[in-house]
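So you can see what is in the structure, the chains are spelled out below.
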Amino acid sequence: MAPTTQVSPDTLSELRDIANKLRINSITSTNEAKSGHPTSCSSMAEVMSVLFFHTMRYKVQVPKDPSNDRFILSKGHAAPILYAAWAEAGLFPVSDLNNLRKITSDLEGHPTPRLNFVDVATGSLGQGLSVAAGMAYVGKYIDNAPYRVYCLMGDGESAEGSLWEAMHFASKYNLDNLVAIFDVNRLGQSEATALQHNMDVYRKRLEAFGFNALVVDGHDVEELCKAFHEASETKGRPTAIIAKTFKGKNFPSIEDQDNWHGKPLADKSAATLEHLRNLLKNNGPTQLIPSKPVVEVPAVNISDIKLSSPPAYKLGESIATRLAYGNALQKLAQANSRVIALDGDTKNSTFSDKVLKNTPKQYIECYIAEQNLVGVAIGVACRDRAVTFASTFACFFSRAFDQIRMGAISQTNLNCCGSHAGVSIGEDGPSQMGLEDIALFRSIAGSTVFYPSDAVSAERAVELAANTKGICFIRTSRPNTAVLYENDAVFQVGKARVVRKSDSDKILLIGAGITLYEALAAADELAKSGINARVIDPFTIKPLDSAIIEHAKAAGGKVVTVEDHYPEGGIGEAVSSLLSGLPNVVVKKLAVTEIPRSGPPTVLIEKYGIGASSVLKAAQELLKQ
């Protein structure tokens, strides 16, 4: 049934019963698993009951339907009650809850999208609201649909700064279709939370962030029904429902007691279950049926997205790959209205501003809040509603590593572009130099790492990323580089480009971005001495082209890698890993091996041993062995 100001006594009684049934199921499933968080589930039982059986509109048998209201359980450790709610709604048998945390079951300790009713993985606290804000932004401004987004958070995670980044974003964009629910149960994992039950402080903080902040008794289903109704009627700003609750509610001798976080009830289960069953007014099946969506939202096509026009550069023309990235992103946005660019106030440096200038409805400014930038991008991409490209300086993605990591666990399709990579940015100095970014993104499960070296390959990298599953990273450079490839050159994920080759190559040089040109310059010097060097542009650092093995053999087993990155986790380590175990193959790795200084790019490249002279010297030393 839909939310109204007046709720019948029978409905309220049923909602109370459902809350206690959810508690019972949370206890029994965690007992069976011998682990879990039943007390954290208990504090939010009435909220879940009202949301799933009174307020939210959704199709039970089609949880991912684009028309459904969305629910994000940011406090992912309370997964058992989320599973119980869907079972009680009829998606799967309640008996399946006893498979909680088993290796053969998708009912894992924290929610993941292995389950068809989970949009994103949660459990790393403080991230859910950013995702929910991204979903709400799509609903309000892109889908133009009436579905609503609900995000339930614990009070402990409100200490996370990323949550307040999301608050700022939601208020800035007037996301009145978003409801943030705080389960203020007073107790954290190891001690009481900082604010405990100081509800007025929560209210004032949320109001200061532009929310319609409602303090309610989180165990009073009538108050909750009215609060969710008020949220649905509030226009122009998001709503926060601040629910005062008690951990272990209705668990005798456990309620509001410390030292029960993350523990099944064990020998206290029997008495607690008996108490809860005695609270039930109706022991029969649940009578309340979730309401279906009022509007059917059409599916969208985000497959096989192509550039609206091919690259159009002249060989030898000097173009920065970051500019080519912006050109390509603009072309993709022109070709498909579901390509969305997001940035963190660096758009005039990453050149994502080309989307803002040409198709402004397909651009989202996230300001200097990189954790929220990534979280919102994940939310925008949810349920395959859009293809997202999040851009900022490469170094700043380190702030959002956990969001990126959770994005991979969420099976999300997220494209990140990091510009201003390496010492080649010059005078801005080490705080602005991305020197860890390849390592960061290579470490992400299932990721693809693009490192284009010229404008043509940069445009094609953007096009490929739009159609590649999982987390993609595109590394772009600040300096201009010469166009190497014909505009019709074909690029593929995991396929390197051989830039220079002969039948008598004595050494293999591998560089990417600006260092590819340093490798080519070194190859020119070697040629003056009658030594032919094979030069390879990897294009993707992950996956790395296995054909490099044969190229290394053909070049006499002598390989020099050169990169504008720290040695840990970069191109050299990727190549070394690929070639490990091969007899008679030696890899010499050139990289930035210390914290750099400010200075002109050309000076820094030479100073830190990744310039042409360093490549030449390394090659000559290797050839003597």
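Keep in mind the model is a prediction, meaning the values are calculated, not measured.

(A) Here's a closer look at the overall build of the chain. Summing up its helical and strand segments, the chain has 21 helices and 19 strands in all. In summary, the chain has a C-alpha radius of gyration of 28 Å against a globular reference of 25 Å for 625 residues, a match within 12%. The principal-axis extents of the C-alpha atoms in the chain amount to approximately 90 × 50 × 40 Å. When each of the 625 residues of the chain is scored for burial, the buried share is 62%. Taking contacts inside the chain between residues at least 6 apart in sequence as the whole, the part at least 24 apart equals 79%.

(B) Quick peek at the sheet that holds strand E3 (residues 178–184). Strand order in this open sheet of five strands is E1-E2-E3-E5-E4, and the pairing throughout is parallel. What marks the edges here is a single partner per strand, and that holds for strand E1 (70–73) and strand E4 (212–217). Averaged over all pairs of adjacent strands, the angle between their axes in this sheet comes to 20°, without regard to strand direction. Bridge count between strand E2 (residues 149–154) and E3: six bridges; the pairing is parallel. Following the sheet pairing, Gly 154 is matched in E3 by Asp 183. Relative to the sheet, helix H5 (residues 128–142) contacts E1, E2 and E3, its axis offset from that of E2 by approximately 170°. Contacts between helix H8 (residues 221–233) and the sheet are confined to E2, E3, E4 and strand E5 (239–244), with E4 contributing the most and set at about 170° to the helix.

(C) Seen up close, the packing of helix H13 (residues 370–381) against helix H14 (residues 401–409). Relative orientation of the contacting elements H13 and H14 amounts to 20°, with a least axis distance of 8 Å. Taken together, H13 and H14 sit at an angle that is classed as roughly parallel. When the axes of H13 and H14 are compared, the crossing they make is right-handed. Residues Gln 371, Val 374, Gly 375 and Ile 378 of H13 form the contact with H14, whose participating residues are Gln 403, Ile 404 and Gly 407.

(D) Quick peek at the UniProt feature "domain: Transketolase-like pyrimidine-binding" (unreviewed entry) in the chain. Listed under "domain: Transketolase-like pyrimidine-binding" (unreviewed entry) in the UniProt record, and renumbered for this structure, are residues 319–483. The distance separating the terminal C-alpha atoms of residues 319–483 is 7 Å; by composition the span is 39% helix and 21% strand.

(E) Structural view of the pattern of salt bridges. Tallying each qualifying case throughout the model produces 29 salt bridges. One salt bridge connects Lys 357 with Asp 353, and the closest N-O pair in it is separated by 3.5 Å. Here Lys 357 and its partner Asp 353 are both found in helix H12 (residues 353–358), four residues apart, which amounts to about one turn of the helix. Taking relative accessible area as the criterion, Lys 357 reaches 64% and is therefore assigned exposed. Here Arg 478 ties to Asp 428 by a salt bridge, and the two come within 3.3 Å at their closest N and O atoms. One end of the pair, Arg 478, is in the loop between strand E12 (471–475) and strand E13 (480–482); the other, Asp 428, is in the loop between strand E10 (414–419) and helix H15 (437–442), with 50 residues separating them in the sequence.

(F) Highlighting the pairing of E1. Neither face of E1 is exposed, since Arg 70 and Ile 72 on one face and Phe 71 and Leu 73 on the opposite face are all buried. Summarising the sheet, E1 and E2 pair through four bridges and their orientation is parallel. Each bridged residue has a counterpart across the sheet, and for Ile 72 the counterpart in E2 is Cys 151.

(G) Expanded view of the sheet that holds strand E15 (residues 505–511). Pairing in this open sheet of five strands is mixed, and the strands run E14-E16-E15-E18-E19 from one edge to the other. Looking at which strands have only one partner, the edges of the open sheet turn out to be strand E14 (497–500) and strand E19 (586–590). Neighbouring strand axes in the sheet, compared pairwise and without regard to direction, differ in orientation by 25° on average. Note that E15 and strand E18 (residues 558–562) share four bridges and pair parallel. Bridge assignment links Gly 511 to a residue of E18, and that residue is Val 562. Contacting E14, E15, strand E16 (532–537) and E18, helix H17 (residues 514–528) crosses the sheet at an angle of about 170° to E16. With respect to the sheet, helix H21 (residues 612–624) is in contact with E15, E18 and E19, its orientation differing from that of E18 by roughly 160°.

Parameters at a glance
- Residues numbered from 1 in each chain as written.
- Predicted model: local features only at pLDDT ≥ 70, side-chain atom pairs only at ≥ 80, totals over all residues.
- Heavy atoms only, no water.
- Helix = DSSP H or I, 4+ residues; strand = E, 2+ residues; numbered from the N terminus.
- Rg over C-alpha atoms; globule rule 2.2 N^0.38 Å.
- Buried < 20%, exposed > 50% of the residue type's maximum accessible area, 1.4 Å probe, protein only.
- Contact = heavy atoms within 4.5 Å.
- Pairing = 2+ DSSP bridges.
- Axes fitted to C-alpha atoms, helices over the stretch in contact; angles between N-to-C directions.
- Parallel < 35°, antiparallel > 145°, perpendicular 65-115°, else oblique.
- Left-handed = near helix turned anticlockwise from the far one by under 90°.
- UniProt positions renumbered as here; feature names shortened; annotations may be inferred.
- Salt bridge = Lys/Arg side-chain N within 4 Å of Asp/Glu carboxyl O.

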